[in-house]
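In case you want the letters, here they are:
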Amino acid sequence: MAAAVNLPSQPEAPEPGQRPPMDFNTRGMRINTAWRNVVNGIVSGASILATVLVIAPLIAILIYLLYKGASSLNLDFFTKIPAPVGETGGGMANSIVGSGIILAICSLMGIPVGIAAGVYLAEFGRGSFLANAIRFTADVLNGVPSIVMGIAVYALIVVEQKHFSAFSGGVALAIMMIPTITRTTEEMLATVPHSIREAALGLGVPRWRTTVSVALRTASPGIITGCMLAFARVAGETAPLIFTAFGNQFWSLNLNDAMAALPLQIYVYAISPYDEWHRLAWAGALVLIVMIMVAVTLVRLFANRGAIRGGN
Amino acid sequence: MGVGIQVEHLNAWYGTTHTLQDINLHIPANHATALIGPSGCGKSTFVRCLNRMHETNPIARAEGTVKMGDLDIYKDVSPVEIRRRVGMVFQRPNPFPTMSIYDNVVSGLKLNGFRNRKVLDETCERSLKAAALWDEVKDDLRKKSGASLSGGQQQRMCIARAIAVDPEVLLMDEPASALDPVSTSKIEDLIFQLKTQYTIVIVTHNMQQAARVAENTGFFLNGKMVEFDSTHKIFTNPKDKRTEDYITGRFG
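This structure is a prediction, so every number in the text was calculated from the model and none was measured. (Residues numbered from 1 in each chain as written. Chains lettered and ligands numbered in written order. Predicted model: local features only at pLDDT ≥ 70, side-chain atom pairs only at ≥ 80, totals over all residues.)

## Remarks on the overall build of chain B
Argument step 1. Within chain B one finds eleven helices and ten strands.
Argument step 2. Whereas a compact globule of 252 residues would reach a radius of gyration of roughly 18 Å, chain B reaches 18 Å, a difference of no more than 12%.
Argument step 3. Dimensions of chain B, computed from C-alpha atoms along their principal axes, come out at roughly 55 × 40 × 30 Å.
Argument step 4. Expressed as a percentage of contacts within chain B between residues at least 6 apart in sequence, the contacts between residues at least 24 apart total 70%. (Helix = DSSP H or I, 4+ residues; strand = E, 2+ residues; numbered from the N terminus. Rg over C-alpha atoms; globule rule 2.2 N^0.38 Å. Contact = placed C-beta atoms within 7 Å.)

## Comments concerning the overall build of chain A
Argument step 1. Summing up its helical and strand segments, chain A has eleven helices and zero strands in all.
Argument step 2. Reading the secondary structure of chain A in the N-to-C direction produces α-α-α-α-α-α-α-α-α-α-α.
Argument step 3. When each of the 312 residues of chain A is scored for burial, the buried share is 36%.
Argument step 4. A separation threshold of at least 6 residues defines the contact pool for chain A, and within that pool the share at least 24 residues apart is 70%. (Buried ≥ 20, exposed ≤ 12 C-beta atoms within 10 Å, placed from the backbone.)

## Let's talk about the sheet that holds strand 6 (residues 86-89) of chain B
Residues and elements named next belong to chain B.
Argument step 1. Strands sit in the order 6-7-8-3-9-10 across an open sheet of six strands; the sheet is mixed. Both outer strands of the open sheet, strand 6 and strand 10 (224-230), are each paired with one neighbouring strand and no more. Taking the axes of each pair of neighbouring strands and ignoring which way they run, one obtains an average angle of 15° across the sheet. (Pairing = 2+ DSSP bridges. Axes fitted to C-alpha atoms, helices over the stretch in contact; angles between N-to-C directions.)

## So, the interface of chain A and chain B
Argument step 1. The interface of chain A with chain B comprises 21 residues on the first partner and 25 residues on the second.
Argument step 2. Mapped onto the side of chain A that touches chain B, the elements with two or more residues apiece are helix 7 (194-202) and helix 8 (207-235) of chain A.
Argument step 3. Of the residues forming the side of chain A that touches chain B, the biggest block, seven residues, is contributed by helix 7 of chain A.

## A short note on the confidence of the model for chain B
Argument step 1. Chain-level statistics for chain B give a pLDDT mean of 91 and a share of 99% at 70 or above.
Argument step 2. Reported confidences for the modelled complex are a pTM of 0.83 and an ipTM of 0.90. (pLDDT = per-residue confidence, 0-100.)

## Overview of the packing of helix 10 (residues 262-270) of chain A against helix 11 (residues 275-304) of chain A
Residue and element names in this part refer to chain A.
Argument step 1. Axis separation between helix 10 and helix 11 bottoms out at 8 Å; the angle between their running directions is 155°. Judged by the inter-axis angle, helix 10 sits roughly antiparallel to helix 11. Helix 10 and helix 11 meet at a crossing whose hand is left-handed. Where helix 10 abuts helix 11, its residues Leu262, Pro263, Gln265, Ile266, Tyr269 and Ala270 lie against Trp277, His278, Leu280, Ala281, Gly284, Ala285, Val287 and Leu288.
Argument step 2. When the residues that make up the contact of helix 10 with helix 11 are grouped by side-chain class, the tally is eleven nonpolar, three polar and no charged. (Parallel < 35°, antiparallel > 145°, perpendicular 65-115°, else oblique. Left-handed = near helix turned anticlockwise from the far one by under 90°. Nonpolar A, V, L, I, M, F, W, Y, C, P; charged D, E, K, R; others polar.)

## Concerning the sheet that holds strand 2 (residues 17-27) of chain B
All names here are of chain B.
Argument step 1. Strand order in this open sheet of four strands is 2-1-4-5, and the pairing throughout is antiparallel. A strand with exactly one partner marks an edge of an open sheet, and here the two such strands are strand 2 and strand 5 (71-72).
Argument step 2. Bridge count for strand 1 (residues 5-14) against strand 2 is seven bridges, and the pairing is antiparallel. Looking across to strand 2, one finds that Ile5 is bridged to Ile27.
Argument step 3. The strands touched by helix 1 (residues 43-50) within the sheet are strand 1, strand 2 and strand 4 (60-68), with strand 2 carrying the most contacts at an inclination of about 65°.

## Remarks on the confidence of the model for chain A
Argument step 1. In this model, chain A carries an average pLDDT of 88, and 88% of its residues clear a pLDDT of 70 or more.
Argument step 2. Across residues 1-5 of chain A, confidence stays below pLDDT 50; counting only partners more than four residues off in sequence or on other chains, it has seven contacts.

## What about the packing of helix 4 (residues 129-143) of chain A against helix 6 (residues 166-190) of chain A?
Helix-helix packing: each pair is described by the crossing angle between the helix axes and the interaxial distance.
Residues and elements named next belong to chain A.
Argument step 1. It is the contact of helix 4 with helix 6, at a shortest axis distance of 8 Å, that shows an interaxial angle of 135°. The pairing of helix 4 with helix 6 is recorded here as oblique in orientation. Taken as a pair, helix 4 and helix 6 cross one another with a handedness that is left-handed. Counted together, Ala138, Leu141 and Asn142 of helix 4 and Pro179, Thr180, Thr182 and Arg183 of helix 6 form the full contact between these two elements.
Argument step 2. Of the residues that constitute the contact of helix 4 with helix 6, the class distribution is three nonpolar, three polar and one charged.

## Regarding the pairing of strand 9 (residues 216-221) of chain B
Residue and element names in this part refer to chain B.
Argument step 1. Of all six residues in strand 9, six are buried; the element is thus mostly enclosed.
Argument step 2. The side-chain alternation of strand 9 yields two buried faces, one formed by Asn216, Gly218 and Phe220 and the other by Thr217, Phe219 and Leu221.
Argument step 3. In the sheet, strand 3 (residues 32-36) pairs with strand 9 via four bridges, with the strands oriented parallel. By the bridge assignment for strand 9, Ile36 is matched with Phe219.

## Here we look at helix 5 (residues 117-130) of chain B
All names here are of chain B.
Argument step 1. Counted at 1.5 Å a residue, the expected span for helix 5 with its 14 residues is 20 Å, and the 20 Å between its end C-alpha atoms agrees.
Argument step 2. Within helix 5 the residues assigned to the buried category are Thr123, Cys124, Ser127 and Leu128. Down the axis of helix 5, the sector holding all buried residues measures 120°, keeping them to one side. Opposite the buried face of helix 5, by more than 90 degrees, sit the exposed residues Lys118, Val119 and Glu122.
Argument step 3. Buried residues in helix 5 make contact with helix 3 (101-105), helix 4 (107-110), helix 6 (134-137) and helix 7 (151-164). (Expected span 1.5 Å × (residues − 1). Arc of directions from axis to C-beta.)

## A look at the nonpolar core
Argument step 1. The biggest cluster of nonpolar side chains holds 145 residues, and the ones touching the most others in it are Ile102 and Ala245 of chain A together with Leu170, Val201 and Ile202 of chain B.
Argument step 2. With 13 residues, the top contributor of residues to this core is helix 6 of chain A.
Argument step 3. Beyond its immediate stretch of four places on either side in the chain, Ala245 of chain A contacts Ile102, Phe164, Ala166, Ser168, Gly169, Ala258, Met259, Ala261 and Leu264 of chain A. (Core = buried A, V, L, I, M, F, W, Y, C linked by C-beta atoms within 7 Å.)

## Considering the environment of Ile101 of chain B
All names here are of chain B.
Argument step 1. With respect to the helices, strands and loops of the structure, Ile101 is situated in helix 3.
Argument step 2. Each C-alpha atom of the pair Ile101 and Ala176 lies 20 Å from the other, and the pair is 75 residues apart in sequence.
Argument step 3. In contact with Ile101, other than residues within four places in its own chain, are Val137, Leu141, Lys144, Gly146 and Met157.

## So, unusual backbone geometry
Argument step 1. Despite not being glycine, Lys162 of chain A has its phi angle at roughly 65°, a positive value.
Argument step 2. For Lys162 of chain A, the position within the fold is in the loop between helix 5 (146-161) and helix 6.

## So, helix 3 (residues 93-124) of chain A
Argument step 1. An ideal rise of 1.5 Å per residue puts 46 Å on 32 residues; helix 3 of chain A measures up with 45 Å between its terminal C-alpha atoms.
Argument step 2. At Ser107 of chain A, helix 3 of chain A is bent by approximately 25°, the largest bend along its length. (Bend = angle between axes of the 7 residues up to and from the residue.)

## Considerations on the environment of Cys49 of chain B
All names here are of chain B.
Argument step 1. With respect to the secondary-structure elements, Cys49 resides in helix 1.
Argument step 2. Cys49 sits 54 residues away from Asp103 along the chain, and the two C-alpha atoms are 28 Å apart.
Argument step 3. Filtering out sequence-adjacent residues up to four positions away, Cys49 remains in contact with Leu10, Ala12, Leu20, His54, Ala62 and Val66.

Printed below as a string of structure tokens:
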């Protein structure tokens, strides 16, 4: 239908007939519904297939670990230290606790530093030379092989102190965490609309408080995800610990002494010639992956507790 | 109670663009003052200079004198302090998405370290009532996110948030331009009530809105204030030809 509105107050309204009538059946405007549905089906199917392809290996690994490792899991595994060569039995209690301690050290150092650096990049240093330098360094650091981190920390801390230590292992893992957390924090803060910061500043809230209580809080789900990814990645790292935490066949809770860690113990057992140790290595891998899953799930539950869900 | 604002020789720049050129005007206390003019004429920059929000943009700067009562806001106080005394309502509703309705309304107090639960509760209720939103949200103050409200409700919540810190001046930068006519008329009713307690400066693209809510109106064009007079005068008998052309719809 042609627009034939003849309101006296609109002298500039186009005369009827000047504008071509809207007709969805003219060539070019015709919509091929059948073809659109086919394309829609292909794209949806492809994305579902991709999801399956991504998840299938993960499930396969978990099933294989359960198959290989579950039979070696018993109370001894969680309460005893490794048995001497030649004896059967023994467990990985010291490695499980050691991993927990080393991961706590690296999280306590890596997460605050990583987030603080990300806040600097996103909120305060934007466009400055220092920020660009930090961003570039973080990206390069992300690509450095983990064994190099181990050697670097070995040279900086272990050689200076003249002994291996859980602390140095934590430092090596923290350095591995920082670039991921920094860049995720920066990117998540960049998604927080400027209008929300203005709302806080307009209420007379100081800039630091706006950053912490408004920008960081709004971006927190993404930042927590970034921290969890970084945590899960370093939790399974072996190479940085070889020259730092070193591993320990006995109980040690001393941060200044060599400490056992699950990845190290798995590595030692997996390259050994004994079938018994191979089975324990599988069990260790299963425990490690379950520990990471539990830790990530707990953090998610805790972070979501009492959270207000927004959106229209 | 509101205070009057005396603006003398105010100039503002974005980078090298001279966005405000020698603005002089007096905004009377406890009245609504409307600022009209085509897009990009400097109205928004002007109100952002009144609470020093202008400075949050690193390439922006301003010079001149803005006196609120006896206080020279560019000399006597910090930007943070002046923003506590000059509330601002933005063009698009900007609730804090992670906060409940309650937390949104009292955020100005809470984020400044105020923790007294009883006072916060009272402030929340008083502000929401003043913003004509209380009846619609009183049952899920803490359950619902501020971002889950409709656009018009969000904007009234943002007004409640601004008046919760008990400012002397309320700046409104096109507060109804993103809203439907019903919500717009609610906001206008609100301005009518609020101007008995606050000095209101409202930027608007809608000339009928200026005529409805404001006692005085200023017309901005290309970074200059062309004319400032009573709203009645501006709309019936403007002195300047450009004002007349604009309000009769010959341009803009």
